[in-house]
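If you want the building blocks of each chain, they are given just below.
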Amino acid sequence: SEALQSRVAWTRTDDQSWTLQHKTQSVSGDVTWRAAPRLTVIQKVSYGVRDAGSLDLTSRSWTLSTTVRGRPRPSLEIELRRNDRWVSQEAGADFSTFNNTELQSTWAILPLLTLTSQVIYQVRDEDDLLVRNSLVWNPLPGGSMSLRLHANDLQDTRTNWFQRGGGATVVWRPRPRLHLETGVEWVLVKQYDERNTPTNVQFRGSWSF
């Protein structure tokens, strides 16, 4: 039915790299359920086996992922995702035990003003939190010239990184095939005891003929 869709997939990978030679096979299945006109639930489960020759071991992995997408209002879109993976033995990328929870939202506050937010909480050997926000305003839509103003901030506890900034970008199309773009951005960056305040300026032009 249109409200319920499912899919099954199988993959096989042979990695002959010098650092970590392995063969991996996995099978996965997912179900998409449109529970309501503005609400979708996606459930995915996968099972994988990796023969890691360089580590002289075989590892088995189970992964469970649940995604909920909703649009409670026409101007607001929200996605919540939860991923869990369990492995019998650590065996390189994609074969380590972890879980993470991610929340994303896009809110059109005004017709030309949009706020995008992302929060990720991840647990591996330690727990980490990443928070990202971005605010974009396009006050001059259409025409041969457009202006884009933006502000953003990022905080990552895994790397003890903090970044906040804002800037403006001007795009000018004096002719149909001539595209000119210039922008400036002011940024504050903090990591551990270091603090930097760079200013980034960029200019780009293209002419097709």
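Before any of the text, the structure's been laid out above.
Reference entry: report on the structure contained in this document. Treat the numbers as computed from the prediction; the structure is a model and nothing was measured.

**Comments concerning the pattern of salt bridges**
Phase 1: Going through the model one piece at a time under the given rule, you end up with 7 salt bridges.
Phase 2: R12 is the salt-bridge partner of D14, the closest N and O atoms lying 3.5 Å from each other.
Phase 3: Residue R69 is joined to E79 by a salt bridge in which the shortest nitrogen-to-oxygen separation is 2.7 Å. In this pair, R69 is assigned in strand 4 (residues 57–73) and E79 in strand 5 (residues 76–87), connecting sequence segments 10 residues apart.
Phase 4: Among the residues examined, E79 registers a relative accessible area of 16% and is labelled buried.
Phase 5: In this structure, a network of salt bridges that share partners links the residues R69, E79 and R81.

**Topic: a negative patch on the surface**
Phase 1: On the surface, E90, D125, E126 and D127 cluster together into a negatively charged patch.
Phase 2: Along the chain, the position of D127 falls in strand 8 (residues 127–137).
Phase 3: Under the relative-accessibility criterion, D127 is labelled partly exposed at 46%.

**A closer look at the packing of aromatic side chains**
What describes a pair of aromatic rings is the distance from one ring centre to the other and the angle between the planes of the rings.
Phase 1: Applying the stated criterion to the full structure yields 1 aromatic pair.
Phase 2: Between the aromatic rings of Y47 and W62, the centroid separation amounts to 4.8 Å while the plane-to-plane angle is 45°, which identifies the pairing as tilted. Here W62 lies in strand 4 and Y47 lies in strand 3 (residues 39–52), a separation of 15 residues in the sequence.
Phase 3: With a relative accessible area of 26%, Y47 lands in the partly exposed category.
Phase 4: Its relative accessible area of 47% is what places W62 among the partly exposed residues.

**Details of the environment of W86**
Phase 1: Inspection of the secondary structure assignment puts W86 in strand 5.
Phase 2: Taking the C-alpha atoms as reference points, W86 and T97, 11 residues apart in sequence, are found 4.7 Å from one another.
Phase 3: Once you skip the residues sitting within four places of it in the chain, W86 turns out to touch R60, S61, W62, L64 and T97.

**A look at the side chain of D128**
Phase 1: Mapping D128 onto the fold places it in strand 8.
Phase 2: Buried and unpaired, D128 has no salt bridge, with R158 as the nearest side chain of opposite charge at 5.0 Å.
Phase 3: If we ignore the near neighbours within four places in the chain, the residues touching D128 are I120, Y121, Q122, T157 and R158.

**A word on a nonpolar patch on the surface**
Phase 1: Taken together, the side chains of L39, V68, L80, L103, V119, Y121 and L129 present a nonpolar region at the surface, about 500 Å² in accessible area.
Phase 2: With respect to the element layout, V119 can be found in strand 7 (residues 113–123).

**A few points about unusual backbone geometry**
Phase 1: Positive phi is not limited to glycine here, since N160 has a value of about 55°.
Phase 2: Within the secondary structure, N160 sits in the loop between strand 9 (145–156) and strand 10 (161–175).
Phase 3: The backbone of Y192 shows a phi angle near 55°, a positive value even though the residue is not glycine.
Phase 4: Note that Y192 resides in the loop between strand 11 (178–191) and strand 12 (194–196).
Phase 5: With relative accessibility at 57%, the residue Y192 sits in the exposed group.

**Observations regarding the environment of S88**
Phase 1: Tracing the sequence through the fold places S88 in the loop between strand 5 and strand 6 (98–110).
Phase 2: Taking C-alpha positions, S88 is 5.4 Å from R60, a pair spaced 28 residues apart along the chain.
Phase 3: For S88, the residues in contact, after removing those within four places along its chain, are T58, S59 and R60.
Phase 4: Polar side-chain contacts of S88 include one of 2.9 Å to the backbone nitrogen of R60.

**Notes on the nonpolar core**
Phase 1: Ranked by size, the top nonpolar core spans 5 residues in total: A52, L57, V87, A91 and F95.
Phase 2: When sequence neighbours within four positions are dropped, the list of residues in contact with A52 reads Q21, H22 and L57.

Calculation rules
- Residues numbered from 1 in each chain as written.
- Predicted model: local features only at pLDDT ≥ 70, side-chain atom pairs only at ≥ 80, totals over all residues.
- Heavy atoms only, no water.
- Salt bridge = Lys/Arg side-chain N within 4 Å of Asp/Glu carboxyl O.
- Helix = DSSP H or I, 4+ residues; strand = E, 2+ residues; numbered from the N terminus.
- Buried < 20%, exposed > 50% of the residue type's maximum accessible area, 1.4 Å probe, protein only.
- Patch = residues over 30% accessible without salt bridge, like charges linked within 9 Å, V, L, I, M, F, W, Y side chains within 5 Å.
- Areas by Shrake-Rupley, 256 points an atom, 1.4 Å probe, with all protein chains shown as cover.
- Lys, Arg positive; Asp, Glu negative; His and termini not counted.
- Charge placed at Lys NZ, Arg CZ, Asp CG, Glu CD.
- Phe/Tyr/Trp six-rings, centres within 6.5 Å; stacked < 30°, edge-to-face > 60°.
- Contact = heavy atoms within 4.5 Å.
- Polar contact = N/O pair within 3.5 Å; in protein donor to acceptor, adjacent residues only side chain to side chain.
- Core = buried A, V, L, I, M, F, W, Y, C linked by side-chain atoms within 4.5 Å.

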